[in-house]
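# Examining the three-dimensional arrangement
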Amino acid sequence: MSASVSGMENLPQNAEVQMNLFTAVNDAMSIAMKTDDSAILFGEDVAFGGVFRCSQNMKEKFGPERVFNTPLSENGIAGFAIGYASMGGTAIGEIQFADYIFPAFDQIVNEMAKYRYRSGNQWNCGGVTLRAPCGAVGHGGHYHSQSPESYLAHTPGLVVVMPRGPKAAKGLLLSAIRSPDPVVFLEPKGLYRVAVEDVPEGDYELPLGKAEVIRHGSDVTIVGWGGHLSVLSKACDLAKEEYGIDAELIDLQTILPWDADTVEESVKKTGKLIVSHEAPITCGFGAEVVAKMQERCFLSLEAPMQRICGYDTPFPLVFEKYYIPDELKNLEAIRYVCDYAH
């Protein structure tokens, strides 16, 4: 049996082994397929281990009928996943890069997300999980660097998840695969080999829709998700070292539905909010976070809320270091809101 927990601190006391992000994803999928005979894994080059090796050795473990390649058709991958899940199976589909999820939007938005609602809950495709590597990697350019979470979050009926590291990835992916709702699981590809943590060997789940306070503080609330949390952690360290500012850092983990209560509690304590993400600032998910906190925390605010995000341009190649909302841009925002309050 898996352990469903309310936070990282409550993980089961299993033996832990060091894993990077792609091995944690591989381990989660292996456990899911061992515990669910209906689970299948498919996508472009998945049977060969995948372009990032996330499905390495999976075909050897579970056979070609359960782990197999698909044609180069994201729309087909999503459509096949919906059909299989609608018959009661567990479908784990891989979109090779999140940048190429857009050809599948008709299936995701008009079929997958609405399948249960349009039938009055007579049928559903809740067994679908679509995995997709996302975000900056240092050299991806326009078509291998994007973060499409805000597009997806505008779609009622979906769950959208983005983990920050191996331990969270394993627990959240197992929850996603077993969720009664269709999930798009975005994996920060820049962390596949870089992020290494001690991860429980056994079967565990982390709750969807629950944020985690990963650093407690009293002066300013900072909200992020995915691989960008490493940037925000650096900004918090700099703020403490250089200015004595005590920042509280929150990882949303789930973008839809997102945990507004945890953010609200923090903002009412600190009186200040910064939201930062790689995606462009206009209509990025940070705008939703700020709008909700304006409704809930207006009388507690001591400074204008800030969004430190990517620019409203296509994701650049040679100018990536200028595009990314790095720790120095976030440090500047931290100083601004704290100075404003005093």
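Worth saying up front: this structure is predicted, and the values here are computed from it rather than measured.

Of the voids in this model, the largest pocket is the one considered here, and its volume is about 490 Å³. Along the walls of the largest pocket sit 26 residues, with Ala 136, Gly 227, Ser 230, Val 231 and Glu 278 positioned nearest its centre. Listed by contribution, the elements that provide at least two residues to the lining of the largest pocket are helix 8 (228-243), strand 15 (273-280) and helix 11 (320-323). Considering each element in turn, the lining of the largest pocket owes the most residues, 4 residues, to helix 8. Here the lining of the largest pocket is built from residues that sort into 10 nonpolar, 8 polar and 8 charged. Each pocket or cavity is described by its volume, and for the second largest pocket that value is around 290 Å³. In this structure, the second largest pocket is lined by 17 residues; those nearest its centre are Gln 146, Ser 147, Tyr 151, Ala 279 and Pro 280. Looking at the lining of the second largest pocket, the elements with two or more residues in it are helix 6 (149-153) and strand 15. Counting residues per element, the lining of the second largest pocket draws most heavily on strand 15, at 3 residues. Classifying every residue of the lining of the second largest pocket gives 8 nonpolar, 8 polar and 1 charged.

A few words now on the environment of Glu 74. Within the element layout of this structure, Glu 74 appears in helix 3 (residues 74-86). By relative accessible area, which is 13% here, Glu 74 ends up buried. For the pair Glu 74 and Gly 93, spaced 19 residues apart in sequence, the C-alpha to C-alpha distance is 9.5 Å. Setting aside anything within four residues of it in sequence, one finds Glu 74 in contact with Glu 44, Ile 95, Tyr 100, Pro 103 and Ala 104.

The rules behind these values
Residues numbered from 1 in each chain as written. Predicted model: local features only at pLDDT ≥ 70, side-chain atom pairs only at ≥ 80, totals over all residues. Heavy atoms only, no water. 1 Å grid on protein atoms, 1.4 Å probe; cavity = no way out; pocket = protein on both sides within 12 Å on 5 of 7 lines; lining within 4 Å. Points joined across faces, edges and corners; volume = space filled by probe spheres on them. Helix = DSSP H or I, 4+ residues; strand = E, 2+ residues; numbered from the N terminus. Nonpolar A, V, L, I, M, F, W, Y, C, P; charged D, E, K, R; others polar. Buried < 20%, exposed > 50% of the residue type's maximum accessible area, 1.4 Å probe, protein only. Contact = heavy atoms within 4.5 Å.

In short, the description is geometric, and any link to function would need to be established separately.
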